[in-house]
Amino acid sequence: MDTQTQRILTDDMIAEIRDMYQHFPVKKAACIEALKLIQKHHRWVSDQAVQELAEVLDMSPDEIDSVATFYNLIFRKPVGRHVILICDSVSCWIMGYEKIADYLKQKLGIQFGETTPDGRFTLIPICCLGTCDRAPAMFIDEDLHRDLTVEQIDAILERYP
Amino acid sequence: MATIYIDNVPYEVKDGENLLQACLSVGKNLTYFCWHPALHSVGACRQCAVIRYRDENDTRGRIVMACMEPVADQARISIDAPEAKKFRAQNIESLMINHPHDCPVCDEGGECHLQDMTVMSGHNYRRYRFKKRTHLNQYLGPFLHHEMNRCIQCYRCVRFYNDYAEGKDFGVFAAHDDVYFGRYEPGVLENEFSGNLVEVCPTGVFTDKTLRKRYTRKWDLTNAPSICHQCGLGCNIIASERYGSLRRILNRYNGDVNGYFICDRGRFGYEYVNSQRRIQHALKQEPAGQWQGLKKDTAIREIRNRIRAAKRVIGIGSPRASLESNFLLRELAGAEHFYAGVSEKESRLIKEVLHILRHSGVRTPSLKETETYDAIFVIGEDVTNTAPRLALSLRQAAKNQPKEKAKALKIADWNDAAIREVIQGQKGPLFIAAPYATRLDDAALATHQAHPDEIARLAFAVAHHVDAAAADAELPEKAKAFARQVADALVAAKKPLIVAGTSLYSPSLIHAAANVAMALKKAGKEAGLTYTVPEVNSMGLMMMTDQYLEQAFEQVYSGQADMVIVVENDLYRRLPADQVDEFFRKAGTVVVLDSIAHRTGEHAHFVLPAGTFAESSGTVVNNEGRAQRFFQVYQPRNDIQSTWKWLQAFVEKEQLAAANLDDVIQQLTMAYPELEGVREAAPGAQFRVGTQKIPREPHRYSGRTAMLAHINVSEPKPPEDPDSPLSFTMEGYVGTPPAPLTPFFWSPGWNSVQAVNRYQQEVGGMLRGGNPGRRLIEANGSSLQYFTDIPAAFHPDNFHWNIVPAYHIFGSDELSALSEPLQERIPALYLALSPADAQALQLQPGQQAELNVSGQTLRLPVVIRPDLPGGYVLVPKGWEATAGWLFPVQSSLKPMQV
Ligand code: SF4
Ligand code: SF4
Ligand code: FES
Ligand code: FES
């Protein structure tokens, strides 16, 4: 497989990134936004993407990767089509998130940090989602699901083919 | 000054410092990790906790990080309060949760800041009984070994590598308990100062691979205070030996020179000392091609006879030999028959530098002072590759103007994170005009690439902008704008610094730099002027003689001299091979003293094994005019000895024949009053602390009675050192010796390099009793007129291509290039040219081009460099095939015919 010839950053994406840093005194400032953009298109940020972005932003791959690996929502390994982020912080813990998590793990047949073999779901724990009053809570992609009970899970997952 | 109370005892400390620095300066033991005297404070590790009280009535106080608190008069703190102690012990315990229990197999063990701090904090029992987080290590090149599991997340490495040295290929990755310090992917660490991580990292994450190959604990090493011989800056180093081989180089703090850091050439380029190419015994070649070993006495007798029989003996000295060795040669041959072993071109350049240093009235700063200038103009030098450590200082100086913003906000000098937040990577006025893009360009506000003659013209024009009385040169448009920008920035600065050097072999460039500096001084600026020079003792040598190599050749050609003594010099690196061949054909008896076998040695009738810096003592003078003493590390078990000691056997003068180093220096300063300061470079051999010598070995040195037992069961008498107050054993004074005599840094409770704290008057400041070295030249008055030798504008010539030298930190220096770890980093010889020229000549990258330099044909692979403006080409300086070229050379140029 020849990954070298196939670029991850398309011309459109590069144009978009240029647009981002135009608003800042230094190109570096667009780093996080650019990583998010890459992820929007590719779901995760590969080594190749890091190298290509480094060129666009006049940074070293090391600098880009320092940022990319620091943020837990920038994925440096492939993830599934849908990413489940289940809150494991204190309110959700009190409200029994563990039951939900266990159910998810059992239903999907994966542990935290893993992706289902069909590439559909990745399951990741996350800290407080800021919705403690409606704990336990989880994100799937961009959707927030609150007041979770084990019973609801099947139906929720149905919505993410 | 301010008075602070530490555990109710008053201390006088310096204003403007932080409390950690103040506590350490008054001799307190306070633990710390992230703070570093050159990298300052970020408050990241929480290890320097103390209790700070509001006033004497406050009995509770609150925990603060000493490194983040400014010294304030009447401040009251406690180091010993139980809460503070407990905090520090618990903090270290948590920092070490993932730290392996591997001290016995860790290269840092025994000289580890983490060990020291752990003991100091009182945390001596490890309670964590769970699985530890582990990391994969990376290959980082031939210099550094990586062992990430030992990391305690202090962030010093990134703060040195990325923030201080401004390297780009290193970083910190991931978050929480999984932080990783290394490269994006395994590979050679590119920064020229990477080796400092060995000393900056307080644990065993980054350790010296060259030491690792022949590992020895700190306490088992024999050490000497030495001077790096790998460029003209003369950084202070500690050189260490065991079992007859040199095992590592460490930085030796000198508050005026290298401070806490040296370059990788200096740190890892020492292995030529252990090389197979070392000459071990006296040799005789007679008849030609037949070599035989000689006993020392026989060699001396035979050479003596030849000298007596000779009509005239001439001596060829060397810029890589000490003052003492050159001086003995001068005494042997006579002043009028002593020649600097460098070409006329080079000798004139350095003479010019000396002349300007003596008479321009502009100060030449030390490396440390360099960091106080606020605008810099580099003229022609690829500093990182010709005088590496200077580049690191220039990077710091370039940050001075942006830092003003932080000062205006009343942010203290040591508050590193806050300062960085304010300056946001903004660049200060550093300008570089060089024949090609240099490794310092990323720190520069603007750069300009041009042929050396055009750079000289540009610098003349800058001087003229500053002072209309200085000669002016017409410039092309682009250069004109650059010149104006530079001149304006220099005039706007308080302390502008001009940096130039001998690397392009252009006297007018040296003059132009002087013009700029003098014009700035005239304009009322506190201007500085730094010249780099090629070798460790280039300056010292040219302070001793005006005569150069071609004149020595003339002596032979005219039939006046029939015997030649060459000292620590490969003449093939000084002049084109055909000239040197010719010289040796006619030279009569040739005696060569050197440490390494080379082409010059092949022509000798007698070869004597000379010591390198590791087996000799002597004095060298750096680019700043600072005389610095280096001391023999160990006594080799063969006939190797200092060149000057060999030469003693041949001098007539009684005072010299049996003299020790001090006596030689005495005679030297009588002959050269300007070198008087050499005497003060270090205490003489008679010096004692009480009645005691200074031991080269730590008091824990082991194996002494056993290490030679396979030869003789009774321990041999230890060698004596008549030339210095240092002993070759562990016996002697245990404590802080005078700074120039410090063979290692060690203090009770402080086993790591950071014991240097205890050797300084105040932490990060001057060494006790003053920093070593004596400046021999001070800028007095100003009797110089502006120079007017503006070179003609450069016009490319497609039949005679101008070849300009390119420099490489790894490769351009003769001796370090022979060191194995460096060899991996030395690029293959190449020819670089601009894209347009390459196209015109139909040369592709990697293709062989054919050059013809002084009758010698050379084929080199082509490299295309977009930074080159065209009209001239680059070839690396110092490789065997190019070492003797008298740059700038000319050559025809064409693709190799297949
Ligand atoms: S590698 Fe060393 S210097 Fe870097 S953070 Fe870890 S302990 Fe500190
Ligand atoms: S800068 Fe020069 S003197 Fe200093 S360590 Fe490097 S090679 Fe040695
Ligand atoms: S703890 Fe789960 S949303 Fe706050
Ligand atoms: S040394 Fe003060 S917090 Fe690290």
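It should be emphasised that the depicted structure is a prediction, and the values quoted were computed from it without experimental measurement.

*Asks:* Tell me about the overall build of chain B, and please be specific about residues and values.
*Replies:* Check the secondary structure of chain B and you find 26 helices and 35 strands. For chain B, whose C-alpha radius of gyration is 28 Å, the value lies close to the compact-globule estimate of 29 Å for 898 residues. Oriented by its inertia axes, the alpha-carbon framework of chain B measures out at about 90 × 75 × 60 Å. Counting only residues that meet the buried cut, chain B has 56% of its 898 residues in that class. Taking the intrachain contacts of chain B between residues at least 6 apart in sequence as the baseline, contacts between residues at least 24 apart amount to 75%.

*Asks:* I'd like a rundown of the overall build of chain A, residues and numbers included.
*Replies:* Check the secondary structure of chain A and you find seven helices and five strands. The order of helices and strands in chain A, counted from the N terminus, is α-α-α-α-β-α-α-β-β-β-β-α. Its C-alpha atoms give chain A principal-axis dimensions of roughly 50 × 40 × 25 Å. Across the 161 residues in chain A, those meeting the buried criterion constitute 29%. At a minimum sequence separation of 6, the contacts of chain A that also span at least 24 residues come to 57%.

*Asks:* Describe the sheet that holds strand 3 (residues 49-53) of chain B, and please don't skip the residues or the numbers.
*Replies:* Residues and elements named next belong to chain B. Sheet architecture is open: five strands sit in the order 2-1-5-3-4, paired in mixed fashion. The open sheet is flanked by strand 2 (9-13) and strand 4 (62-65), the only strands paired with a single partner. Averaged over all pairs of adjacent strands, the angle between strand axes in this sheet comes to 40°, irrespective of strand direction. Helix 2 (residues 82-95) rests against strand 3, strand 4 and strand 5 (75-78) of the sheet, and its axis sits at about 155° to strand 3.

*Asks:* Can you tell me about the domain arrangement of chain B, naming the residues and giving the values?
*Replies:* All names here are of chain B. Considered domain by domain, chain B is made up of domain 1 (2-95), domain 2 (349-539) and domain 3 (801-895). Each of domain 1 and domain 2 has a C-alpha centre, and these two points are 39 Å apart. Contacts between the two partners involve eight residues from domain 1, matched on the other side by six residues from domain 2. When the residues that make up the side of domain 1 that touches domain 2 are grouped by side-chain class, the tally is three nonpolar, four polar and one charged.

*Asks:* Please set out the pairing of strand 22 (residues 563-567) of chain B residue by residue, giving values where relevant.
*Replies:* All names here are of chain B. Within strand 22, five of the five residues are buried, leaving the element largely enclosed by the surrounding structure. Along strand 22, one buried face is formed by Met563, Ile565 and Val567 and the opposite face, lined by Val564 and Val566, is buried too. Two elements, strand 15 (residues 313-316) and strand 22, share four bridges in a ladder whose sense is parallel. Across the sheet, the residue bridging to Val313 is Met563, located in strand 22. Bridge count for strand 22 against strand 23 (residues 589-594) is five bridges, and the pairing is parallel. Residue pairing across strands places Val564 opposite Val590, the latter belonging to strand 23.

*Asks:* Before we move on, could you go through the site of ligand 2 and cite the residues and values that matter?
*Replies:* Residues and elements named next belong to chain B. Residues in close proximity to ligand 2 total 13 residues, the closest being Cys228, Cys231, Cys235, Gly266 and Arg389. Counting residues per element, the ones that place at least two in the shell around ligand 2 are helix 7 (264-268) and helix 13 (388-397). Partitioned by chemical class, the residues of the shell around ligand 2 number seven nonpolar, four polar and two charged.

*Asks:* Mind laying out the nonpolar core, listing which residues take part and the relevant values?
*Replies:* Counting 269 residues, the largest nonpolar core has Ile376, Ile379, Ala459, Val462, Ile498, Ala513 and Val516 of chain B as the members making the most contacts within it. The element best represented in this core is helix 18 (residues 507-522) of chain B, accounting for 10 residues. Ignoring anything within four residues of it in the chain, the contact list for Ile376 of chain B reads Leu394, Ala397, Ala398, Leu430, Phe431, Leu497 and Val499 of chain B. Formed by 18 residues, the second largest nonpolar core is a distinct cluster that contains Tyr97, Leu129, Ala135 and Ala137 of chain A.

*Asks:* I'd like a description of the interface of chain A and chain B, backed by residues and values.
*Replies:* Opposite the nine residues of chain A that make contact, chain B presents 11 residues. Tallied by class, residues from the side of chain A that touches chain B come to three nonpolar, three polar and three charged.

*Asks:* Help me get a handle on the UniProt feature "domain: 4Fe-4S Mo/W bis-MGD-type" (unreviewed entry) in chain B, residues and values and all.
*Replies:* Following the UniProt record, one finds the feature "domain: 4Fe-4S Mo/W bis-MGD-type" (unreviewed entry) at residues 221-277 of chain B. When the span residues 221-277 of chain B is considered, its composition is 9% helix and 35% strand, and the gap between its end C-alpha atoms is 24 Å.

*Asks:* Before we move on, can you summarise the domain arrangement of chain A with the specific residues and values?
*Replies:* Segmenting chain A into domains produces domain 1 (11-70) and domain 2 (82-158). With centres defined by C-alpha atoms, the gap from domain 1 of chain A to domain 2 of chain A works out at 29 Å.

*Asks:* Could you give an account of the sheet that holds strand 11 (residues 236-242) of chain B, naming the residues involved and the relevant values?
*Replies:* All names here are of chain B. Ordered in space as 10-11-12, the three strands form an open sheet in which the pairing is antiparallel. Since the sheet does not close on itself, it has two edges, and those belong to strand 10 (222-227) and strand 12 (245-251), each with one partner. Between one strand axis and the next, the sheet turns by 30° as a mean value, whatever way the strands run. Note: strand 10 against strand 11, six bridges, orientation antiparallel. Looking across to strand 11, one finds that Ala224 is bridged to Ala239.

*Asks:* How would you summarise unusual backbone geometry if you had to cite specific residues and measurements?
*Replies:* Cis geometry marks the peptide bond from Ala135 of chain A to Pro136 of chain A; its omega dihedral reads -10°. A cis amide bond links Phe887 of chain B to the next residue, Pro888 of chain B, at an omega of -10°. With respect to the helices and strands, the residue Pro888 of chain B is situated in the loop between strand 34 (872-876) and strand 35 (889-895). The backbone of Asp58 of chain A sits at a positive phi, close to 55°, despite the residue not being glycine. Following the sequence through the fold, Asp58 of chain A ends up in the loop between helix 3 (47-57) and helix 4 (61-70). A count of 11 C-beta atoms within 10 Å places Asp58 of chain A in the exposed class. Even without being glycine, His40 of chain B reaches a positive phi, approximately 70°.

*Asks:* Summarise the UniProt feature "domain: 4Fe-4S His(Cys)3-ligated-type" (unreviewed entry) in chain B; cite the residues concerned and give the values.
*Replies:* Per the UniProt record, the feature "domain: 4Fe-4S His(Cys)3-ligated-type" (unreviewed entry) sits at residues 83-122 of chain B. The span residues 83-122 of chain B carries 55% helix and 0% strand; its end-to-end C-alpha distance comes to 13 Å.

*Asks:* With reference to specific residues and values, describe the UniProt feature "binding site: [2Fe-2S] cluster" (unreviewed entry) in chain A.
*Replies:* Residue and element names in this part refer to chain A. UniProt's feature table lists "binding site: [2Fe-2S] cluster" (unreviewed entry) at Cys87, Cys92, Cys128 and Cys132, given in the numbering used throughout. Sequence-wise these annotated residues cover 46 residues; spatially they are packed, their C-alpha atoms never more than 9.6 Å apart. When you line up the elements, Cys87 lands in strand 1 (residues 82-87). The contacts of Cys92, once residues within four sequence positions are left out, are Cys87, Tyr97, Ala135, Pro136 and Ala137.

*Asks:* Report on helix 20 (residues 549-557) of chain B, specifying residues and quantitative values.
*Replies:* Residue and element names in this part refer to chain B. Where helix 20 is concerned, the buried positions are Leu549, Ala552, Phe553 and Val556. What you see down the axis of helix 20 is that its buried residues fit within an arc of 100°, all on one side. Buried residues along helix 20 sit in contact with strand 15, strand 16 (338-339), strand 22 and helix 21 (577-586). Phi for Gly559, located one or two positions after helix 20, is positive at around 80°.

*Asks:* I'd like to hear about the pairing of strand 26 (residues 626-630) of chain B, residue by residue, with values.
*Replies:* Residue and element names in this part refer to chain B. Across the five residues that make up strand 26, a large majority, five, are buried. Neither face of strand 26 is open: one carries Arg626, Gln628 and Phe630, the other Ala627 and Arg629, and all of them are buried. In this structure, strand 25 (residues 618-621) lies alongside strand 26, joined through four bridges in antiparallel fashion. Looking at the pairing, Gly618 lines up with Phe630 of strand 26.

*Asks:* For the packing of helix 3 of chain A against helix 4 of chain A, give the residues involved together with the corresponding values.
*Replies:* All names here are of chain A. Where helix 3 meets helix 4, the axes come as close as 8 Å, and the angle between the chain directions of the two elements is 115°. Our pair here, helix 3 against helix 4, has a crossing hand that is right-handed. Between helix 3, through Val50, Gln51, Leu53 and Ala54, and helix 4, the contact on the second element is made entirely by Pro61, Ile64, Asp65 and Ala68.

*Asks:* So what's going on with the environment of Asp256 of chain B? Residues and values would help.
*Replies:* Residue and element names in this part refer to chain B. Considering the arrangement of structural elements, one finds Asp256 in the loop between strand 12 and helix 7. The class of Asp256 is buried, set by 20 C-beta atoms lying within 10 Å. Taking C-alpha positions, Asp256 is 9.3 Å from Pro365, a pair spaced 109 residues apart along the chain. Contacts of Asp256, omitting those with residues within four sequence positions, involve Ser366, Lys368, Asn771 and Gly773.

*Asks:* Can you tell me about the packing of helix 14 (residues 400-408) of chain B against helix 15 (residues 416-423) of chain B, naming the residues and giving the values?
*Replies:* Residue and element names in this part refer to chain B. As a packed pair, helix 14 and helix 15 sit with axes 9 Å apart at the nearest point and diverge in direction by 110°. Taken together, the axis directions place helix 14 and helix 15 in an arrangement best described as roughly perpendicular. For the pair helix 14 and helix 15, the contacting residues are Pro402, Lys403, Lys405 and Ala406 in the first and Ala418, Ile419, Val422 and Ile423 in the second. Within the contact of helix 14 with helix 15, the residues separate by chemical class into six nonpolar, no polar and two charged.

Cut-off values and rules
- Residues numbered from 1 in each chain as written.
- Chains lettered and ligands numbered in written order.
- Predicted model: local features only at pLDDT ≥ 70, side-chain atom pairs only at ≥ 80, totals over all residues.
- Helix = DSSP H or I, 4+ residues; strand = E, 2+ residues; numbered from the N terminus.
- Rg over C-alpha atoms; globule rule 2.2 N^0.38 Å.
- Buried ≥ 20, exposed ≤ 12 C-beta atoms within 10 Å, placed from the backbone.
- Contact = placed C-beta atoms within 7 Å.
- Pairing = 2+ DSSP bridges.
- Axes fitted to C-alpha atoms, helices over the stretch in contact; angles between N-to-C directions.
- Domains from an automatic or database assignment.
- Nonpolar A, V, L, I, M, F, W, Y, C, P; charged D, E, K, R; others polar.
- Near = placed C-beta within 6 Å.
- Core = buried A, V, L, I, M, F, W, Y, C linked by C-beta atoms within 7 Å.
- UniProt positions renumbered as here; feature names shortened; annotations may be inferred.
- Arc of directions from axis to C-beta.
- Left-handed = near helix turned anticlockwise from the far one by under 90°.
- Parallel < 35°, antiparallel > 145°, perpendicular 65-115°, else oblique.

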